[in-house]
Amino acid sequence: MSNSFSHPVNKSPTRRPFRLRFGIRVKLLALSLFLFAIPWLGYQFVWELESYLRIGQEQTMVGTARAVATALHERPSLFDTQSAYLTDVKPGTDLYAHKIHDPIRLDGNLDDWLDYQHLSIAYGQAHLLNFDDEYQPDSFHFRHMVGQFGMYLYAMFEVTDETVLLRNKDSLRVDRNDYLQIAMTAPDGSFKRYVVAPQEAGWVNAYLLSEPLDSMRPVALETQIQGRWLNTEQGYNIELRFPLGMMSSKIAFAITDVDDPVARSMRYRIGTANPNKVDALGTVLVPSPEIEKIIKGLKYSNARVWVIDKHKRVLARSGSIHKSVGLSATAYTAENSDDTNWWQKIERDWLLPIYYQILTKPPADFIDDLQDAYALQGQDINDALAGTPASLWRLSPDNKAVILSAAHPIYIDDNVMGAVVVEQTTNGIRTLRNRALEKLFHVILAVMGLGTLALFLFASRMSFRIRKLRNQTEAAIDSNGKIVATIPNATARDEIGDLATTFNIVLGKLGQYNAYLQNMSARLSHELRTPVAIVKSSLENLQLSEQSSEDAQYIDRAQLGIKRLSTILNNMSEATRLEQAIQSSEREEFDITALLEGYVAGYRMTYPSHEFTFINQHEGTMLSGSADLFGQMLDKIIANALEFSPTHTVIKVTFGQSGNHHLLTIDNDGPPLPHDMQDKLFDSMVSVRSEHGSTQPHLGLGLYMAKVIAQFHGADIQIENRLTADGEHLGVRVTLTF
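Residues numbered from 1 in each chain as written. Predicted model: local features only at pLDDT ≥ 70, side-chain atom pairs only at ≥ 80, totals over all residues. Heavy atoms only, no water.

(A) Seen up close, the pattern of salt bridges. Following the criterion strictly, the structure yields 13 salt bridges and no others. Note that Glu50 and Arg54 form a salt bridge whose closest N and O atoms lie 3.3 Å from each other. Taken as a pair, Glu50 and Arg54 lie in helix H2 (residues 37-72) at a separation of four residues, close to a single helical turn. When its relative accessible area of 1% is taken as the criterion, Glu50 is described as buried. Given the relative accessible area of 24%, Arg54 is considered partly exposed. The salt bridge partner of Arg173 is Asp175, with a shortest N-O separation of 2.9 Å. (Salt bridge = Lys/Arg side-chain N within 4 Å of Asp/Glu carboxyl O. Helix = DSSP H or I, 4+ residues; strand = E, 2+ residues; numbered from the N terminus. Buried < 20%, exposed > 50% of the residue type's maximum accessible area, 1.4 Å probe, protein only.)

(B) Broad picture of a negative patch on the surface. A cluster of acidic side chains, namely Asp102, Asp111, Asp112 and Asp115, defines a negative patch on the protein surface. Within the secondary structure layout, Asp111 lies in the loop between strand E1 (95-99) and strand E2 (121-123). Look at Asp111 and you get partly exposed, because its relative accessible area is 48%. (Patch = residues over 30% accessible without salt bridge, like charges linked within 9 Å, V, L, I, M, F, W, Y side chains within 5 Å. Areas by Shrake-Rupley, 256 points an atom, 1.4 Å probe, with all protein chains shown as cover. Lys, Arg positive; Asp, Glu negative; His and termini not counted. Charge placed at Lys NZ, Arg CZ, Asp CG, Glu CD.)

(C) A look at a nonpolar patch on the surface. Residues Tyr513, Tyr516, Leu517, Met520 and Leu524 make up a contiguous nonpolar surface patch of about 470 Å² in total accessible area. Relative to the elements of secondary structure, Tyr516 occurs in helix H8 (residues 495-544). Classification of Tyr516 as partly exposed rests on a relative accessible area of 44%.

(D) Structural detail: the confidence of the model for the protein. When pLDDT is averaged across the protein, the result is 82; 86% of the residues are at 70 or more. Here residues 1-14 is modelled with pLDDT under 50, and outside its nearest four sequence neighbours on either side it reaches 53 contacts, counting other chains as well. (pLDDT = per-residue confidence, 0-100. Contact = heavy atoms within 4.5 Å.)

(E) Fine view of unusual backbone geometry. Even without being a glycine, Glu74 presents a positive backbone phi close to 55°. Tracing the chain through its elements places Glu74 in the loop between H2 and helix H3 (77-80). The class of Glu74 is partly exposed, set by a relative accessible area of 42%. Backbone geometry at Lys312 places phi at a positive 70°, although glycine is not the residue there. Tracing the backbone through its elements, the reader meets Lys312 in the loop between strand E14 (304-309) and strand E15 (314-318).

(F) Fine view of the nonpolar core. Core analysis: the largest hydrophobic core is formed by 39 residues, its most contacted members being Phe630, Leu664 and Leu736. Of all elements in the fold, only helix H10 (592-606), strand E20 (611-616), helix H11 (627-644), strand E22 (650-658), strand E23 (661-668), helix H12 (702-712), strand E24 (716-723) and strand E25 (729-737) reach the threshold of two or more residues within this core. Sorting elements by how many residues they give to this core places H11 first, with nine residues. Non-local contacts of Leu736, meaning those with residues more than four positions away in its chain, are made with Met633, Ile637, His662, Leu663, Leu664, Ala710, Asp716 and Ile717. (Core = buried A, V, L, I, M, F, W, Y, C linked by side-chain atoms within 4.5 Å.)

(G) Highlighting the environment of Pro91. Considering the arrangement of structural elements, one finds Pro91 in the loop between H3 and E1. Using a relative accessible area of 73% as the deciding quantity, one classes Pro91 as exposed. C-alpha of Pro91 to C-alpha of Gly282: the two residues are 191 residues apart in sequence and 9.6 Å apart in space.

(H) Fine view of the sheet that holds E14. Pairing is antiparallel across the open sheet formed by five strands, whose spatial order is E15-E14-E18-E17-E16. Edge positions in the open sheet fall to E15 and strand E16 (390-395), since each of these has one partner strand only. Strand-to-strand twist in this sheet, taken as the mean axis angle between neighbours without regard to direction, amounts to 20°. Here 10 bridges tie strand E17 (residues 402-412) to strand E18 (residues 415-425), and the two strands are oriented antiparallel to one another. Bridging across to E18, Ala406 finds its partner in Val422. (Pairing = 2+ DSSP bridges. Axes fitted to C-alpha atoms, helices over the stretch in contact; angles between N-to-C directions.)

(I) The packing of aromatic side chains, seen in detail. Applying the stated rule across the entire model yields 14 aromatic pairs. Taken together, a centroid distance of 4.3 Å and an interplanar angle of 15° make the contact between Trp229 and Tyr236 stacked. The two residues Trp229 and Tyr236 agree in class, both being buried. An aromatic cluster of at least three residues, connected via ring pairs, comprises Tyr123, Tyr135, Phe140, Phe142, Phe157, Phe253 and Tyr268. A cation sits over an aromatic face here: Arg241 above Tyr152, 4.8 Å from the ring centre. It is Arg587 that lies over the ring of Phe712; its NZ or CZ is 4.2 Å from the centre. (Phe/Tyr/Trp six-rings, centres within 6.5 Å; stacked < 30°, edge-to-face > 60°. Lys NZ or Arg CZ within 6 Å of the ring centre and 35° of its normal.)

(J) Structural view of the sheet that holds E25. Read from one edge of the open sheet, five strands run E20-E22-E23-E25-E24, paired in mixed fashion. Strand pairing shows two members of the sheet lacking a second neighbour, E20 and E24, which therefore form its edges. Sheet twist, expressed as the mean angle between neighbouring strand axes with direction ignored, is 20°. Alignment of E20 against E22, held across six bridges, turns out to be parallel. Pairing of Ile615 across the sheet is with Thr654, part of E22. Docked against the sheet, H10 engages E20, E22 and E23, running at close to 165° with respect to E20.

(K) Structural detail: H10. Between the first and last C-alpha of H10 there are 21 Å, a value that for 15 residues agrees with the 21 Å anticipated at 1.5 Å per step. Here H10 has its buried residues at Ile592, Thr593, Leu595, Leu596, Val600 and Tyr603. Taken down its axis, H10 places every buried residue within 155° of arc, on the same side. Residues of H10 that are buried in the fold lie against strand E19 (588-591), E20, strand E21 (622-625), H11, E22 and E23. (Expected span 1.5 Å × (residues − 1). Arc of directions from axis to C-beta.)

(L) Geometry of the environment of Ala485. As for its position among the elements, Ala485 is in the loop between helix H7 (427-476) and H8. A relative accessible area of 31% means that Ala485 is categorised as partly exposed. In this structure, the C-alpha to C-alpha distance between Ala485 and Gly511, residues 26 residues apart in sequence, is 9.0 Å.

(M) Representation of the pairing of strand E5 (residues 152-161) in the model. With seven of 10 residues buried, E5 lies mostly within the body of the structure. One ladder, built from 10 bridges, connects strand E4 (residues 140-149) with E5; its direction is antiparallel. Within E5, the position partnered with Phe142 by the bridge is Val159. Between E4 and E5, which pair antiparallel in sequence order, lie two residues; one of them, Gly150, sits at a positive phi of approximately 65°. With nine bridges connecting them, E5 and strand E10 (residues 235-243) associate as antiparallel partners. Note on E10: the bridge partner recorded for Ala155 is Leu240.

(N) Representation of the packing of H10 against H11 within the structure. Remark: H10 packs on H11, axes separated minimally by 11 Å, with the N-to-C direction vectors making an angle of 45°. In terms of orientation, H10 lies oblique with respect to H11. With respect to the hand of their crossing, H10 and H11 are arranged in right-handed fashion. Only Ala627, Phe630, Gly631, Leu634, Asp635 and Ile638 of H11 make contact with H10, whose side of the interface consists of Ile592, Leu595, Leu596, Tyr599 and Tyr603. Split into classes, the residues belonging to the contact of H10 with H11 amount to nine nonpolar, one polar and one charged. (Parallel < 35°, antiparallel > 145°, perpendicular 65-115°, else oblique. Left-handed = near helix turned anticlockwise from the far one by under 90°. Nonpolar A, V, L, I, M, F, W, Y, C, P; charged D, E, K, R; others polar.)

Listed below in structure tokens is the structure:
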């Protein structure tokens, strides 16, 4: 049986490999990812700008240090009373008077010194001046420091002494008990020695000792040296103060320990220096009030300024590093307002929390390791004291802040006498950078959002127009290849509009050509009938006349050809008439099962060479259409089955139901369908019959006409090979699905 496309019943169709499909919108969205390069470039630009701002800040700092140092050049009077001229500084001997922020209550409790405990120095075996016994560290030692508040020098001694022995009330000797000895040079250069040796704990004053260095005889009470002696569980505490005007820069403190209450001889003497030797005195560095006055105004310069001597000890300071942010706060602080608009709320609640996942805020507070420093360290300071201005970047101990320091030397008689150190943090630059990045991110988000939205809308509009053009093109051609509509002219003057116009022109030309092909058979049949009739009548007239045997043979052949040509014309006319009949046919309901039973009974009588069976699985089914046309469809299918199936084989007609569909199947035992022609057997002018030995012309219109009638009745017709489970060929089946 020659029929249409099919695939084996028990074989699944070949699946196409899955291919990921990227539409125009996806591609444009992928291209829009390049917009993310904008924030990266902006971020890099702001970082580069920050590096230039840091370079500018560094140059400004060096300039500030140079300006302060210029005010201190060649002013030896600022350093005469200090220990800056020493060639070497001995820790523990050369003291530093730390700046005390609040006055000290002389009560011996040392509570006022708690904030400065880490600055005190421990004195023990390394500071022994005299001893009469093997030193026992747990027996006697003390902690000591000096500080300056106003015009007074304060001193504290936290003494650990296993035996505290005070002066007897009836004794005139001050050296047969525990006592504190003080030695200093007066402003006039004279050498003064004092002793604190109370008879009982409490308020104390010092006694001036006689001039011979080996004498411990008190000559006068020095009321300017005031203090408190307080006994403790570990020993005793001493707090003292005296005016800075009593001394120059040299001083020494020593505490003598006496433990034997009978012999009352010295056991140990520990001190900062030997108070009985003028050339052995140490120095005390007191922050210079004169230098502090010079740099006092710099606290408004948004920087912390230090002045140090050549031993790196602090002579004066001004400002706070926590307030030294590098830029004026008004340069980057946003205006505070109680009224916030909707944009400020979005910025505060949504945008800034996202930004600061990347950015870092300058710390509101950080650890200042130089808050109470009395000596500074750093490569920039080493370079400055060597005569070269320098700068240094460093992190705070908690790694929260970046601090920039710049140092410049101070010259006196072409000698470096000290240095000016100026410090600032980069918090101002970091805040300014963050504000710039905030504004930049606002613009970038707007550009990226609007750009992506515009690209998405453009891609959506373009893909919508392309899909619309595709749908219009598909709707213009039906499943049979006929052009049933046109594409409206596009109003857009772009490439898609030009493409739509071109499609419309092409469809118009194809429609004209298809109309010509559709009418060609009718025109050809009409035009050929007259010459065929003339030739046929002429041959009939020739048969009436006498002719030779050879002429009769030619006349018979000519009549056979005319007969075959007439059959072709009749088939072509039949197809044309069928299409016209379908267009003019009125639908009516008929019993399809009764019609099938009648036609199958007729086929048994008409074609005794084959056996016909009819299986009806669904009684009383009514179909809307034309019974005559339905019968013609059956005739075409049965004729095709008879031609291809061997004689004495069964042609089975089955009508049943599968789900929501009615099925009509016609099976025969014909040869298998060619795989390369299965999709074309229901097309017009297609046939797979062999022309050798065939006496009847075949134009391939039979199954085409059956397909047209099936479509008129709303049925889907297909043809397929019948196979066994092992793939053995059984025959061919035509299936109509209603």
